[in-house]
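# Examining the three-dimensional arrangement
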Amino acid sequence: MSLLWSRMDPENMVADTPEVGEVEKIEGNKNMKGEQLANGASTAAILPKFLTKHIPQRLYPESHKEPRSFCYRHHPDFKCKRQADESNMDVLQRGLENLPEQDQEAITHMWSLFSAAPAYERNLILQGILSQCCSPQLSYVSSMLRDLNRIDFVSALPSEISFKILCYLDASSLCKAAQVSHRWKMLADDDIVWHRMCEQHIDRKCTKCGWGLPLLEKRRLYESKKAIEERVQKLKESELEAEEDNKEDVAVLEVPSSTLKHKDSCLVTKGPEITSSTAVTDADEAAYERAAKRLKTNSESAEQIPVETSVPTRLTRPWKDVYSERLKVEQNWRRGRYQLKVLKGHTDGVMCLQFDHSVIITGSYDTTARVWDIETGNLLRVLSGHVRGVRALMFDDTKLITGSMDRTIRIWNYKTGECVSTLRGHTDGVVSLHFDSTLLASGSADSTIRVWNFKEKSFMTLRGHTDWVNSVFIHSETQTLFSASDDTTVRMWDLNTRECLRVFGGAQGINVSPNFQGHIGQVQVVIPVKIRSENEDDKDSDHSHDHGSSHGLISGVDSDHSSLPDDGDFKEKHDGSSDGSETSSSQVSRTLTRRQRRLPNILTASLDNTIKLWDSNTGECVKTLFGHVEGVWGLAADNFRIVSGAHDRLVKIWDRQSGRCLHTFSGHSAPVACVSLSDSRVASGSDDGEVRIYSFGVA
């Protein structure tokens, strides 16, 4: 500072001939100049001492006994060192170079003093400087502080805390955070963060953003299973080739002992233990050598194969990739972007269908069921056997079960086209069926429901409906069965007691909804659905609730089709009530209380043009969806969406949570009789004989 003040020397000011008073003034100034020079000399002596005292303590605090406290930014062990701002330092350097050398020296000394000063002295210096600043300078300081106050908290904090903070960000913010620096990218792309993101969104709706992503797990399992099967097949083929080579080599080596000519000719080979003492020619000897070398090579190669190659290893994917894939599929659903495939082949209306990730099976009034490749759309095989239209079907990994208007139920090996078994018993056409575990339920135009038990080889009949039973569904978790009928009612049955627990809609009665909110038209479909609570943290998804004509894969009957009973092998159970009469209120109350916490809600579709959501515990209609202008024939639902097909030739996709219609698809030239839904596809069958597949997956 003294050096700066010295530049204000009055001697440097040029003046004309001084007067007497001015001379005295000049002499006084000379005395002042002398004092300033003396002060400058003393400052020059003090400055090195100040720097000598404080700089070693700042740079090498461990060499001093006196402890010194540091702020977080200047602590020697602090990992988040701020890098120099290259652009600002360039501006600073150019501004300094424009000044005279003495000014540069003075400013450098000021920086050195401030840098060497402890925290208390720094505060004093800053207070003094700021007290002398005018408004423009204070504004400049304020603008500089905006950037200087920002710290890299991700690098400053422990990784565990950084992960905790990043887990509160949404996907878009995480992607932006990954662009900040290498350190941020490493943490923002970590599996810990994205696994949490997947937990919040996949197969459920996030309570914060309202987004939900498809599961897509069945497809992943199918692809991994297919890859494992291919790998196992290749291993079997390689083993067979090796065995054939060994047999050929052994045949070459086994020479009759009658051909012995030389006692000293002995050949011993390792692998299969073979010892032969033979008299051989030069050609035979060459053949022996080739065979022995071949056997040795095969045995060594077999021993050198690591265990990992024979056991398929599971390749893991980053959770960010998993989230990204599902996000693309969900965006396709929301924006209505799909690829359309039309299957033609049936000569009459398609009444039922179901698909998985490899095939789609359709049933038609042309009396056949057809198996198609869902990826290519090629027809794989035609299943013939029914003599009237196929109205219902369902399949899993090993079998296909079809119900027909010819009053029979047939069980097929759809991979070979063989009809394994035929069930008879209904007195009219079979129009609906569903199986789960060891039970098969069938609904008929004779107004009855039959529940077939494959394990006990028995069946029971449930009576109560007064018209066609258009839909049945077994909810194995609560041991209940839901049925929908042309008599405009939906019934819930107890499979253990064979009691009718509740009637949704229809005529008033003891177990009927107190406030009539039921359908006024024939009910075509009933589907149990699981309503997730906001506080539900478990990730287990009830796959039996992803329904429609396409139900989840059922692990019911053993893959050994010979265990399936044929024709009259079933015996009827007569114990308990089966006439659908309403039991006493106390019995129903006890039964419902037992399952109060687990009963699912149900979706129903009717020819009164509406879709209704019911609370199974209270029997009340929770929500009604309006939009179709003619009767609704087909219905499917998962955790996010509802798909409906109606007599108005339209397919509609609804948001299950809000009940809002998201998309409407046209294209069929006749009423849509059935629909099916998965994580990435929708399929619809119509009376025009066509099947339309809408694929929302990633190409």
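Summary of the structure given here.

Procedures and definitions
- Residues numbered from 1 in each chain as written.
- Predicted model: local features only at pLDDT ≥ 70, side-chain atom pairs only at ≥ 80, totals over all residues.
- Heavy atoms only, no water.
- Pairing = 2+ DSSP bridges.
- Helix = DSSP H or I, 4+ residues; strand = E, 2+ residues; numbered from the N terminus.
- Axes fitted to C-alpha atoms, helices over the stretch in contact; angles between N-to-C directions.
- Core = buried A, V, L, I, M, F, W, Y, C linked by side-chain atoms within 4.5 Å.
- Buried < 20%, exposed > 50% of the residue type's maximum accessible area, 1.4 Å probe, protein only.
- Contact = heavy atoms within 4.5 Å.

## Overview of the sheet that holds strand β11 (residues 418-424)
Read from one edge of the open sheet, 4 strands run β8-β9-β10-β11, paired in antiparallel fashion. Of all strands in the sheet, those bounded by a partner on one side alone are β8 (390-395) and β11. Across this sheet, the average inter-strand angle for adjacent strands is 20°, counted without regard to direction.

## Regarding unusual backbone geometry
Unusually for a residue other than glycine, R498 sits at a positive phi of about 65°. Along the chain, R498 falls in the loop between β18 (490-494) and β19 (500-504). Despite not being glycine, R649 shows a phi value in the positive range, around 70°. Among the secondary structure elements, R649 is positioned in the loop between β26 (641-646) and β27 (651-655).

## Some thoughts on the nonpolar core
Counting 19 residues, the largest nonpolar core has L174, W194, I202 and Y323 as the members making the most contacts within it. Mapped by element, the contributors of at least two residues to this core are α8 (159-166), α9 (171-177), α10 (182-188), α11 (191-201) and α15 (319-335). The element best represented in this core is α11, accounting for 4 residues. Other than its neighbours up to four places away in sequence, W194 contacts A171, L174, C175, A188, D189, W319, K320 and Y323.

## A short note on the sheet that holds strand β25 (residues 632-637)
Ordered in space as β25-β26-β27-β28, the 4 strands form an open sheet in which the pairing is antiparallel. Every interior strand has two partners, whereas the edge strands, β25 and β28 (661-665), have only one. Strand-to-strand twist of the sheet, defined as the mean angle between neighbouring strand axes without regard to direction, takes the value 20°. Direction of pairing for β27 relative to β28: antiparallel, over a ladder of 4 bridges. Counted as the bridge partner of K652 is T664 from β28. Packed on one face of the sheet, α15 meets β26, β27 and β28 and runs near 75° to β28.

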